[in-house]
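# Survey of secondary and tertiary structure
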Protein chains: 4
Amino acid sequence: MIPDSDSDGRRRRQRRKAARPQEIIASALELFVDRGFAGTKLEDVARRAGVSKGTLYLYFESKEALFQAVVQEMVLPELARVEQEVREFDGSAAVLLQRLVNHWWDVVGETRLCGLPKLMIAEAANFPEQARFYVEQVIDRARRLFAAILEKGIRQGEFREMELSVAVRVLMAPLVFAAIWERSLAPFDKECCDVREYLEFHLDTFLRGIAAETPVKRNG
Amino acid sequence: MIPDSDSDGRRRRQRRKAARPQEIIASALELFVDRGFAGTKLEDVARRAGVSKGTLYLYFESKEALFQAVVQEMVLPELARVEQEVREFDGSAAVLLQRLVNHWWDVVGETRLCGLPKLMIAEAANFPEQARFYVEQVIDRARRLFAAILEKGIRQGEFREMELSVAVRVLMAPLVFAAIWERSLAPFDKECCDVREYLEFHLDTFLRGIAAETPVKRNG
Amino acid sequence: MIPDSDSDGRRRRQRRKAARPQEIIASALELFVDRGFAGTKLEDVARRAGVSKGTLYLYFESKEALFQAVVQEMVLPELARVEQEVREFDGSAAVLLQRLVNHWWDVVGETRLCGLPKLMIAEAANFPEQARFYVEQVIDRARRLFAAILEKGIRQGEFREMELSVAVRVLMAPLVFAAIWERSLAPFDKECCDVREYLEFHLDTFLRGIAAETPVKRNG
Amino acid sequence: MIPDSDSDGRRRRQRRKAARPQEIIASALELFVDRGFAGTKLEDVARRAGVSKGTLYLYFESKEALFQAVVQEMVLPELARVEQEVREFDGSAAVLLQRLVNHWWDVVGETRLCGLPKLMIAEAANFPEQARFYVEQVIDRARRLFAAILEKGIRQGEFREMELSVAVRVLMAPLVFAAIWERSLAPFDKECCDVREYLEFHLDTFLRGIAAETPVKRNG
DNA sequence: TATGAATGAGACTTCATTCAT
DNA sequence: AATGAATGAAGTCTCATTCAT
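Along each chain, numbering runs from 1 in the same order as the chain's sequence is written. The order in which chains are written sets their letters, starting at A; the order in which ligands are written sets their numbers, starting at 1. Under the rules for a predicted model, residues below a pLDDT of 70 receive no local features and side-chain atom pairs below 80 are neither given nor counted, while totals for whole chains, interfaces and linings still include all residues. Hydrogens and waters are ignored; side-chain quantities use all the structure's heavy atoms.

Moving on: the side chain of C:Thr40. All names here are of chain C. The numbering of helices and of strands both runs from the N terminus, where a helix is a DSSP run of H or I of at least 4 residues and a strand a run of E of at least 2. By the element assignment, Thr40 lies in the loop between α1 (5-35) and α2 (42-49). Whether a residue is buried, partly exposed or exposed follows from its accessible area with a 1.4 Å probe, protein chains only, as a fraction of its type maximum: under 20%, in between, or over 50%, in that order. Since its relative accessible area comes to 1%, Thr40 is described here as buried. Polar contacts here mean pairs of N or O atoms no more than 3.5 Å apart (in protein, one a potential hydrogen donor and the other a potential acceptor; neighbouring residues in sequence count only if both atoms are side-chain atoms). Polar side-chain contacts of Thr40 include one of 3.1 Å to the backbone oxygen of Leu31. Residues are treated as being in contact if the distance between any of their heavy atoms lies within 4.5 Å. The residues contacting Thr40, other than those within four sequence positions of it, are Leu31, Phe32, Arg35, Val45 and Lys63.

If you want it as structure tokens, here you go:
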């Protein structure tokens, strides 16, 4: 059968059109993260996405709307994926934590998403709406992932009793901080150390720190 | 001697004049932290400092120069003070760490300086010069303070052997992160927990995590 | 003969195609009148005409060309029709005037043409070419219609002697003004009075005002 | 006494500053009348007022706000002046009308205010708020002036009974139309007649048309 | 020293026009 | 013939910076 060139062409065009918003969002994320919202010119976003200034306005009503799209459309799909994969984890709580931390860095730390925490921190005061969204839809969901594992560890006797909400924050802080640091001051840090090593040290120390206290005694 | 009322007035005015740059810098810090560099209008800085727009230019050549002054003149005096006080600390390494962490939060966490980390992270890419300065003159000096204590603890047999540069980063990350968080997303976090409690948990866990291994006791 | 369905379809399409320019012109007139030339977006013209933006350019070279078409193609056919009908009028000059005024409002006042005077007045300075065309081809022709009747009335002794060019302007001013008002400020006029009543009063007063002075006859 | 040059200088500056808005409004009126609101560039308004683009925004929040100021601040002072002068008129109703018409053309027809009717007619649909203001605060007030005189004439037996609201509209239409015409199509009208002559003819005809019908008395 | 009116470069945004499909 | 995505010139508006007072 002869392929219908017309419908084919339209399909290709539409595929291109459908991809545009994502390309623009990706460009915007890069620049917003690097230069901040106010410091980013839409002309640069357009150039980086390979379109003209006017084209941005076919897909986003304003610079603010583009910011909103960056926050919402970048993060939710990734987050859902992480949650799904975490659900399939198996093993002791300590092993689960290790996997989650490594996985988190694979997915968030080393992709474009890495910049989002920095961006939200920098622009929170200027975009209260988005800040609230980010805390509730991203941070809180991540906290729940970690909290579930800690709780499981406590139930299984691997970890000592602790205030979960505090522990989760302490556990996550170095992770998020690593992402922030990578996209901000790391390039100016001469003795920048390896992130994986840093994460490993953190996790190792943290696990020792929350280990159930000497099961030997209990048995004694 | 008859007090020269005129010279008195002049002195008061000069005192005020001498304070001007500091008032401007303080205003600028607040706004830069809140809104970012590009998002801050000099008119707002001026209004907050109680001077006119033109007056800013009597003290600072440009907006960039004001940013530089904010970074350099806010931080160095405070930092020197912290270092001095730390030198006078005494006790076990664990106790010293505890004191430093608490002291750090007293001085940095709960004053206007609290915003500086957030500001530098947000503007690093736009101000490489200042970013380098901040990493070298602030971050690195703080690292040295913490490293010295960790090293002392290892020497004294309180802490196990560890890679210092990594350990220091892990130890500091939650501290710096707390400061950043307070000035950014904390207002949007419903379950915001108490910082002191968070710091205490972190330090406690960390100290357990790096405690020298004392198998003897377990067996005893 | 077997009806050629294909040629039939083509004919229908061509009929539709032939109507396109008129539909576009009608849409443009409405919007130009409402919002002015610069205030009208071609996208809105297209939407109102039920075509796409690009289609406009198949029929009109530019926005300016469309304006020109609006002025020229709307008015000439109508005007010719009015002139033809006036030629068929019969009766005393006063009756003719009455018929012309009413006819004028039937044709111009209560159709889409009503907006044209307002449009030309608003855009005259921006479109000198069209303004000249409008004055010469529309206004002047209308003046000639009225002038002919006035002249006839004078010849027949119905009206007193007068400067025709002035009288025609005074006679027409309230007519044109009514059309302008209807399409502009009338919606904001709470005590908007009935146009027919207004026209009747005008004509009645005007006819009394130019009546030949024959007090003798009245008394006779 | 030596004049205080400083206070003098300030006074001169302030006088200049106080005059700025009026200069800008006058420039804007001219251009809005000529080219319409959307067709007028703020840069041209600024150039004509002898200031820079940015200066406009020291005095007017937006282009819309400037339009509003043009409508409101141009017309009210002039209108009040006319009303005051009319109150001082004296004589028969016919004479008063004559004075008012001539006065109206002196003040409105031959000054910059002349353009306002055209502007309002052109922009009514785009500025409903201003349109309503104009009808209520300008048109209606003018109608009341004319209505009062007609009523007086009727009471005094000079004019026949008539529906005042209609009569006033018919009386005013040629006046307003003259102003509109002058600022729009007149430059393209080859046989443009003298306005004073036109007004005189209108008034003369109108007065004859509304004269009380008492031919008997004249002869009696 | 201090002011704040004035400036104009540069940003965001709109929309007439083009062109591949 | 018809579409509508894409373009970029041009307009509105902001704000760092200057300067007369």
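What follows concerns the protein's contact with DNA strand F. We call a residue near a molecule or strand as soon as one heavy atom of that residue lies within 4 Å of the molecule or strand. In the vicinity of DNA strand F lie 35 residues, with A:Arg20, A:Thr55, A:Tyr59, C:Thr55 and D:Tyr57 positioned nearest. For DNA strand F, the fraction of atoms within 4 Å of the protein that belong to sugar or phosphate moieties is 73%. Residue A:Lys53 places a side-chain N or O atom 3.5 Å away from a base nitrogen belonging to DNA strand F. A distance of 2.4 Å separates a phosphate oxygen of DNA strand F from a polar atom in the side chain of A:Tyr59. A breakdown of the residues in the surface near DNA strand F according to their chemical character gives ten nonpolar, eleven polar and 14 charged. Note on residue classes: Ala, Val, Leu, Ile, Met, Phe, Trp, Tyr, Cys and Pro are nonpolar, Asp, Glu, Lys and Arg are charged, and everything else, Gly too, is polar.

The next subject is the confidence of the model for chain A. All names here are of chain A. Here pLDDT means the predictor's own confidence in every residue, given as a number from 0 to 100. Confidence along chain A averages 88 in pLDDT terms, with 89% of residues attaining 70 or more. Under a pLDDT of 50 for its full length, residues 1-12 has, in the predicted model, zero contacts with residues more than four places off or in other chains. With pLDDT under 50 throughout, residues 216-220 is counted as low confidence; its partners more than four residues away or in other chains account for three contacts.

Quick look at the packing of helix α4 (residues 63-87) of chain D against helix α6 (residues 115-123) of chain D now. Residues and elements named next belong to chain D. Between the N-to-C directions of two axes lies an angle of 0 to 180 degrees, each axis being a line fitted to C-alpha atoms and, for a helix, fitted only over the stretch in contact. α6 packs onto α4 with a crossing angle of 145° between their chain directions and a minimal axis gap of 12 Å. The hand of the α4/α6 crossing is left-handed. Residues Phe67, Val70, Val71 and Val75 of α4 form the contact with α6, whose own contacting residues are Leu116, Leu119, Met120 and Glu123. The class makeup of the residues in the contact of α4 with α6 is seven nonpolar, no polar and one charged. Left-handed describes a crossing whose near helix is turned anticlockwise from the far helix through less than a right angle; right-handed describes the clockwise counterpart.

On to empty space enclosed by the protein. Computed over the protein atoms alone on a 1 Å grid, cavities are sets of points where a 1.4 Å probe fits but cannot get out and pockets are open sets with protein on both sides within 12 Å along at least five of seven lines; a residue lines them when it has an atom within 4 Å of a point. Grid points are joined across faces, edges and corners, and a volume is the space filled by probe spheres set on the points. This model, assessed by the stated rule, comprises twelve cavities of 30 Å³ or more. Along the wall of the largest cavity there are 36 residues; nearest its centre are A:Tyr134, A:Ile139, A:Ala142, A:Met172 and A:Val176. Looking at the lining of the largest cavity, the elements that each hand over two or more residues are α4 (63-87), α5 (93-109), α6 (115-123), α7 (128-155) and α8 (164-182) of chain A together with α8 (164-182) and α9 (195-210) of chain B. Per element, the largest residue contribution to the lining of the largest cavity is seven residues, and it comes from α7(A). When grouped by side-chain class, the residues that make up the lining of the largest cavity number 30 nonpolar, no polar and six charged.

For an α-helix, the turn length of 3.6 residues means that residues three or four places apart are oriented alike. With nine of its nine residues buried, helix α6 (residues 115-123) of chain C lies for the most part within the structure. Taken residue by residue, α6(C) has C:Gly115, C:Leu116, C:Pro117, C:Lys118, C:Leu119, C:Met120, C:Ile121, C:Ala122 and C:Glu123 as its buried positions.

Alignment of copies: least-squares fit on C-alpha atoms of residues with pLDDT of at least 70 in both copies. If you rotate chain C by 180° and push it 0.0 Å along the axis, it lands on chain D with an RMSD of 0.1 Å. Read as a symmetry element, the transformation amounts to a two-fold axis. Closest approach to the rotation axis within chain C is made by the C-alpha atom of C:Gly209, at a distance of 2.2 Å. When the interface residues of chain C are mapped onto chain D, 100% of them again lie at the interface, so the same face is used by both copies.

Each pair of aromatic rings taken from Phe, Tyr and Trp, with Trp reduced to its six-membered ring, is defined by centres within 6.5 Å and is described as stacked if the planes are under 30 degrees apart, edge-to-face if over 60, and tilted in the remaining cases. Under the counting rule described, the total for this entry stands at 28 aromatic pairs over all chains. Arranged with centres 5.8 Å apart and planes meeting at 45°, the rings of B:Phe32 and B:Phe67 form a pair that is tilted. Of this pair, B:Phe32 sits in helix α1 (residues 5-35) while B:Phe67 sits in helix α4 (residues 63-87), and the two are 35 residues apart along the sequence. The buried category is assigned to B:Phe32, whose relative accessible area is 1%. On the basis of relative accessibility, which here comes to 0%, the residue B:Phe67 falls in the buried class. An aromatic cluster is present here, built from A:Phe32, A:Phe37, A:Phe67 and A:Phe127 joined pairwise through their rings. The rule is short: NZ of Lys or CZ of Arg within 6 Å of the ring centre and within 35 degrees of the ring normal puts a charge over the ring. The ring centre of C:Phe37 lies 4.6 Å from the NZ or CZ of C:Lys63, which sits over that ring.

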